[in-house]
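Listed here are the chains, written in short residue letters.
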Amino acid sequence: MSHLHQLVLAVAVATFMAMPASASQYLNTEFEFTDVMPESGDVLVLLVPEGQAELALDDWSQATREHVARARGAAGFTGQANDHMELLAPVDLAFDRLILTGIGPVGGTPRHQAEEVGAALSQRLNAMDADAIVVSSSLLGEGSTEAGLTAYVAHGMDLRNYRFDRFKSDPSPRPSQTFVWHSENPQGAEEGYRLLRALAEGVFTARELTNLPGRTGYPEAFANHAREVLEPLGVEVTILGPEDVRAMGMGSLYSVSQGSDMKAHLLVAHWTGGTGDPIALVGKGNSFDTGGYNLKTDAASILRMHTDKAGGAAVVGAIQALAGQEAPVNVVGVVPLSINMISGDASLPGDVVTAGDGSTIEIGNTDAEGRLILADGIWYAREHLNARVILNIATLTGAKVGALGTAYSAIFTRDERLERTLRTAGELTGERVWPMPLDGYEGITRSRIADQINTGSPGAQAGAIFLEHFAGDTPWVHIDIAGDAFVAGSQGIHPEGSTGHGVRLMTEWVRALE
Ligand code: BES
Ligand code: MN
Ligand code: ZN
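Below is a summary of the structure that appears in this document. Along each chain, the written sequence defines residue order, and numbers are assigned to residues from 1. Chain A is the first chain written and ligand 1 is the first ligand written, with later ones labelled in order. Predicted model: local features are reported for residues with pLDDT of at least 70 only, side-chain atom pairs are reported and counted for 80 or more only, and whole-chain, interface and lining totals are derived from all residues. With hydrogens and water set aside, each side-chain value is computed from the structure's full complement of heavy atoms.

**Some remarks on the sheet that holds strand 3 (residues 84-88)**
- In space, the 6 strands of this open sheet follow the order 1-6-5-2-4-3, with mixed pairing throughout. The outermost strands of the open sheet, each flanked by one partner alone, are strand 1 (30-34) and strand 3. In this sheet, adjacent strand axes meet at a mean angle of 20 degrees when their direction is disregarded.
- In this scheme, strands are said to pair when DSSP sees at least two bridges between them. A run of DSSP states H or I qualifies as a helix once it reaches four residues; a run of E qualifies as a strand once it reaches two. Both are numbered from the N-terminal end. Pairing geometry for strand 3 and strand 4 (residues 94-104), over 5 bridges, is antiparallel. Counterpart to Glu-86 in the pairing with strand 4 is Ile-99.
- Relative to strand 3, helix 2 (residues 62-75) is tilted by about 135 degrees, and along the sheet it contacts strand 3 and strand 4.
- Whether two residues are in contact is decided by their heavy atoms: any pair within 4.5 Å suffices. Angles run from 0 to 180 degrees between N-to-C directions of axes, and those axes are lines fitted to C-alpha atoms, restricted for helices to the stretch in contact. Across the sheet, helix 4 (residues 144-160) lies against strand 1, strand 2 (40-49), strand 4 and strand 6 (178-182), angled at about 165 degrees from strand 6, the strand it touches most.

Structure representation (structure tokens):
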């Protein structure tokens, strides 16, 4: 090889290593994975498994070892998950600080716990004036579980670093750091991280869409935002406008926004990474929920109702993640988009609408709008996309919050496999689900004047049973994420505001199902 060729190759390799794993509008941090320990930096972080006897890297001097051992004894550091200890000016090391971060038992630390360790660590690092950060997971060993843990820690950092600052005149700068991940298995860690980076980008999109105020994230704007994010990844995006929605008979979807100038849309986003009939993800995209003529009268709860598009936002995020990962799956996202507002044209309580499948619905309460738009979204996935499985996800009922709080999302399904795979994906990602019953509520959505009514008691079950009708014979599961889409203050991997809840759950679930 000529010298020139060698040089070009060297430059190419160096450029690749220095690049962030993918360009992001949300993150400024750069990650590099290597088995070569850098000599110096601002901060050295050591990830420590629980029960580790000696806390030292191979090339450390005796003096460093003694310094760390004494400090460890003084701090009572054990390596439990989130155990933390810091040394300034560690003897014989060319780093200003040494941070020891407990990771819990290797092999026994769940993924979401490792992500939370990363989130907490990133908060500490952001609070310091540190640019060049080395994280060594050398003590974890070289297996794939260990490489995975490293990637989850890095992913937790990314997730925590999102922020919604598009309306700040003077946003505080995003953390801008260079991370070198020193590992016994840098390839494994990097491969894991690249998939998780794509997942994080999907979570960011879901958070962004959910955080948008009602009038900013109105149906058409939501659809266009999704298109801009998805098309460059090779996702086929189709947007049906209000006239299409009406012409195709989706009167139930149409009715929710008929009182607004911001009319109904239907977003269809198809990632064809695999063959066969698609898995359909149908998400409630209600840009704002005033309640309609059944107006929401509690000031605090109506204020949060821009998050009523969280299910739809999570579907967009999951499709983005799967496409970004180039997942070998055939999956289609369907987002019925509406805004539930009042005017001289708005639906009245007691009005009757006709859904895409030809069935009629009495609007017992204009505030039960989510099931009205999902009815047509689910039907569209079955009738026009030939879905083999339909999952729908929605901030559907206050009753769900009463039953489960926010520790679990509610799932409703008759399909044992769907229940089992969702529970597994929930345990893995920390977006946990709990099954609720569909049986035993005969007549719950019976209307005196139409085929169904959109109200009933108990509330979460009434919503689910109403929706089940539109899935027909297609295997179907409904996830009620009411309350899960927003945190008032930052929490673990979530900065304050929208959580993007459901993206990680659905992405893992789709991959596991296929
Ligand atoms: N978007 C709400 C549900 C909701 C409540 C989401 C709290 C997040 C937090 C939904 O459209 C709604 O208003 N549901 C009503 C239905 C009722 C009128 C039948 C409810 O649950 O009270
Ligand atoms: Mn409502
Ligand atoms: Zn709603």
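Don't stop here, the text continues.
**Concerning the coordination of the zinc ion (ligand 3)**
- Each metal site lists N, O and S donors within 2.8 Å (3.2 Å for Na, K and Ca). With water left out of the atoms, a site can look as if it is missing ligands. Distances from the zinc ion (ligand 3) to its protein donors, Lys-284 (NZ), Asp-289 (OD), Asp-308 (OD) and Glu-369 (OE), fall within 1.9 to 2.5 Å.
- Only two sets of limits are used to name each site, 85 to 135 degrees for every angle of a tetrahedral four-donor site, and over 155 degrees for opposite donors with all other angles from 65 to 115 for a square planar four-donor or octahedral six-donor site, with any other site named irregular. Given 6 donor atoms and angles of 77 to 174 degrees at the metal, the environment of the zinc ion (ligand 3) is assigned as octahedral.
- Between the two metal centres, the zinc ion (ligand 3) and the manganese ion (ligand 2), the spacing is 3.1 Å, with Asp-289 acting as a shared donor. Taken individually, Lys-284 and Asp-289 each receive the classification buried, so the pair is uniform in this respect. Only protein chains enter the accessibility calculation, which uses a 1.4 Å probe; a residue is then buried when its area is under 20% of its type maximum, exposed when over 50%, and partly exposed in between.

**Overview of helix 14 (residues 459-471)**
- Here the expected span of a helix is defined as 1.5 Å times the quantity of residues minus one. With 13 residues, helix 14 should reach 18 Å at 1.5 Å per residue; the first-to-last C-alpha distance of 19 Å fits that figure.
- The element helix 14 is extensively covered by neighbouring structure, given that 11 of its 13 residues are classed as buried.
- Buried residues of helix 14: Ala-460, Gln-461, Ala-462, Gly-463, Ala-464, Ile-465, Phe-466, Leu-467, Glu-468, Phe-470 and Ala-471, and no others.
- Just beyond helix 14, the residue with positive phi is Gly-472, at close to 55 degrees.

**Section: the pattern of salt bridges**
- Whenever Lys or Arg places a side-chain nitrogen within 4 Å of a carboxyl oxygen from Asp or Glu, that contact is recorded as a salt bridge. With the rule as written, the count across this model stands at 22 salt bridges.
- We note a salt bridge from Arg-197 to Glu-201, for which the minimum N-O separation is 3.3 Å. With Arg-197 and Glu-201 both in helix 5 (residues 186-211), this residue pair falls 4 residues apart, about one helical turn. For the pair formed by Arg-197 and Glu-201, the shared burial category is buried.

**Notes on a nonpolar patch on the surface**
- Like-charged residues are merged into a patch within 9 Å and nonpolar side chains (Val, Leu, Ile, Met, Phe, Trp, Tyr) within 5 Å, provided each residue has over 30% relative accessible area and no salt bridge. Here the Shrake-Rupley method, with its probe set to 1.4 Å, supplies the accessible areas, and only the displayed protein chains count as covering residues. Together, Tyr-293, Leu-295, Ile-342 and Leu-348 give the surface a local cluster of nonpolar side chains, amounting to about 350 Å² of exposed area.
- Position of Leu-348 relative to the elements: it lies in the loop between strand 11 (330-340) and strand 12 (352-354).
- Here Leu-348 falls in the partly exposed class, since its relative accessible area comes to 43%.

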